[in-house]
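# Close look at the chain arrangement
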Amino acid sequence: MKDAAPQTIYLRDYTPPAYLVDDVHLTFKLAATKTRVMSRIRFRPNPEATSNEFFLHGEDLKLINAKIDGEDITPELTATGLSCPVPDAPFTFEAEVEINPQANTALEGLYMSNGMYCTQCEAEGFRKITYYPDRPDVMATFTVRIESDLPVLLSNSNPTGQGEGWAEWHDPWPKPAYLFALVAGDLVNHPDLFTTMSGKDVELNIWVRPGDEGKCAFGMEALKKSMKWDEDVYGREYDLDVFNIVAVDDFNMGAMENKGLNIFNSSAVLASPETSTDANFERIEAIIAHEYFHNWTGNRITCRDWFQLCLKEGLTVFRDQQFTGDMRSHAVKRIDDAVVLRAHQFREDNGPLAHPVRPESFVEINNFYTVTVYEKGAEVIGMLKRLVGDDEYKKALDLYFDRHDGDAATIEDWLKVFEDATGRDLTQFARWYSQAGTPRVSVREDFVDGTYTLHLTQQTPPTPGQPHKDPMVIPIAVGLLNDNGDEVVPTKMLEMTQAEQSFSFEGLASKPIPSILRGFSAPVILEHDQTKAQRAFLLAHDTDPFNKWDAGRKLAQDVLVGMVRDGATPDGAYLDGLAAVLRDDSLDPAFRAQVLALPSEDDTAQALVDLDHVPDPTAIYDAHETLKLQIAQHLQDQLPRSYADMAVPGPYTPDAEPAGKRALGNTVLSLMSKLDGGRQATQQYATADNMTQQLAALGALLKIGKGKAELSAFGEQWQNDRLVMDKWFGLQVACASPDQAAATAETLAAHPAFDIRNPNRFRSVFGALGGNAAGFHHPSGKAYDLLADWLIKLDELNPQTTARMSTAFSTWKRYDDNRQAKMRHALGRIAAKPGLSADTTEMVSRILG
């Protein structure tokens, strides 16, 4: 067998598949170390093909035999697949292979998780199950037989038969191989029923390990809400008789939308008041919605090739954001989404890992499941909706579903639908898919004889491989306020298409105060030279919730930058503004909690970089801690009343209103703990009847250097609950002081309950270490070396998780020479590891530039 070196794949090199598949029959004889997979696949030549070479992907397979039209063949095998001569007419290919699920620690293909067989085939895992054209534009119907003595045997779509030791399933909808799924194990189901808008009953099940049955009810309700919402808002009805979800402990991602058999990381579906926080409940609701919505935007219409990943993911993320807004609060959700985008996607756009929403090339597609593809991809959909309007958006989506149902589509197909439905030319808008980087929009304003003019300039900085950028289409929502805080011009959507462009508003009695980029109408950085007084005014008076919050966020950032760079003290206007927000009971408690939260330390570091100042993570940490104390002192008379007002009587529910009260109450608790030595937090921990309150109290204590007894009690109480123990591990690292973060992570990695093979547990320790900015960037470099040591170990087991975790080093160029040298050394050690995976090699090479 010949080995093949990793190769770069380019979008421009796409060619149609040489052969199409009519149907697939698979038989699995499950065994932990020697599973046999028998395949029977009916091929036919593709009349649109440019080549007649017959090649099937296959990795880590032991070929037992192969046949074409019943005749034995001896194909040529390589490390990546199989090739052989085939008839110039329809034919049937058969193969029997042997695989070892128990040894599959990469968690791609068919693997075992605590005695359960399960699969993960996106993006290229099916080739680790059997020989097949493992590409998304090859779609076929699947019939699957599973043979095993395990009690539950599941595959995609509808069951067609079962008996002792076997079960058969058939999926009538053609699908690519990445949507194949199989689960077998000792499982119990939480059942329910959903009646679709046409009156069809759909059997629903959440399958879990015995003992987890009590954690399924919320997930089931979220699924039914998602199904109803997709009918009401998009007119999309479920198309099978059964919808199954399975909870799996060992899973690289959050969940997978396999047709009719969604496989979920257990953290993304299991929930109870005692073990899950409000944030967990909201995340579960959103992920279940996301995976269900994929049934149409991803499954019924899939992507032609992996460069089009943003087509299914960006659209589906946008849909799950709409859903969460409808279920909870659109204003709060929009702020949450912007926080994620600015903290992670803007950082990606501004560093060595920058890439377009639709990349031009990749070595390992697993490395492009990124915030740019997902979250920025969703922002592009949102901008398109804002530009064309709600009615035209609905018309375009209806046309998209009608025209492309059953297709493997492209971004060009998507944009053409909008052009045909709305009559707009989207040639320039398409640059959002092809140009990397975050546009910066600079604002200059003047007021002459009652006419107020905004002069806007856009510029997108160079990114790797793209030194020059053309002007984008940017929807900029603007409102104008007078000195009394009255809105003199309600929100108006400006459409910026040129590098420099001016917009005028006439008939104004006085110069207004502008509220620009309302609702975060585009994923851009707004450069507007506002005074602190103007920002404080917007914090007090802006009618747009996002810009009201953003004014406070910018005031906080100004204060923090001044403290780090100039030794300044907090501005009284900012502190008074926070006090006013905290007092304002007309505001959503969840929104008030968002206003009281400071920008992240990483955000402050980037703000300093933007001012050509080399950030010192230790100084940033000190500034953040000092400002939190000063906020607590300034608000000390209000805090006890606000805390008491946010108490939620009665039994726990994860609904938006009580969750918002707990969010504000726990934000206040964290501030109070800096003044009362943790007295209130200790009391809350002792009386908490739900995980939200218990964990918040424990975190407040740990952040002030207390809570050792509570931490020990928490570990003892929850030692047998794997998901709660992930919280226990992660909280200790996240709350550790900068000089103790690496040592804490190192100690926890030696804990008997730490398991390098479990992605959740690994991320709970080392993801938290990377997120503890001052601790990770401690000048000693201990955290850099520790993470590098563990990534080197992990790469042998799970390259996909290793590659993603390596992004903790992606901002290395922003820091001082000492830290840069230590990070380069750590990255160099990873890169020098013999046999380093293609996934990690690509990521480390890109990070190093």
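Above this note sits the structure.
Everything numeric in this text was worked out from a predicted model, so none of it was measured. (Residues numbered from 1 in each chain as written. Predicted model: local features only at pLDDT ≥ 70, side-chain atom pairs only at ≥ 80, totals over all residues. Heavy atoms only, no water.)

## Let's talk about the side chain of D305
Relative to the helices and strands, D305 resides in the loop between β22 (302-303) and α3 (309-327). Using a relative accessible area of 7% as the deciding quantity, one classes D305 as buried. Separated by 2.6 Å, the side chains of D305 and R304 make a polar contact. There is a polar contact of 3.0 Å between the side chain of D305 and the backbone nitrogen of F307. Excluding its chain neighbours within four sequence positions, the residues that come into contact with D305 are L11, Y14 and P136. (Helix = DSSP H or I, 4+ residues; strand = E, 2+ residues; numbered from the N terminus. Buried < 20%, exposed > 50% of the residue type's maximum accessible area, 1.4 Å probe, protein only. Polar contact = N/O pair within 3.5 Å; in protein donor to acceptor, adjacent residues only side chain to side chain. Contact = heavy atoms within 4.5 Å.)

## Quick look at the packing of helix α19 (residues 708-717) against helix α20 (residues 722-734)
Two elements in contact, α19 and α20, have axes separated by 9 Å at closest approach and are oriented at 155°. Here α19 lies roughly antiparallel to α20, going by the angle between them. The way α19 lies across α20 gives a crossing that is left-handed. Listed contacts from α20 to L711, F714 and G715 of α19 are V724, M725, W728 and Q732. (Axes fitted to C-alpha atoms, helices over the stretch in contact; angles between N-to-C directions. Parallel < 35°, antiparallel > 145°, perpendicular 65-115°, else oblique. Left-handed = near helix turned anticlockwise from the far one by under 90°.)

## Thoughts on unusual backbone geometry
For the bond from E122 to A123, the omega torsion is 5°, close enough to zero to count as cis. Looking at where A123 falls in the secondary structure, it is placed in the loop between β11 (116-120) and β12 (140-147). Although it is not a glycine, N114 sits at a positive phi angle of roughly 50°. Structurally, the position occupied by N114 is in the loop between β10 (109-113) and β11. Looking at N114, the relative accessible area reads 56%, which means it is exposed.

## Comments concerning α19
Listing the buried residues of α19 in full gives E710, L711, F714 and G715. Taken around the axis of α19, the buried residues stretch over an arc of 135°, which confines them to a single face. More than 90 degrees from the buried face of α19, the exposed residues found are K708, A709 and E716. Those residues of α19 hidden inside the fold are in contact with α17 (679-687), α18 (691-703) and α20. (Arc of directions from axis to C-beta.)

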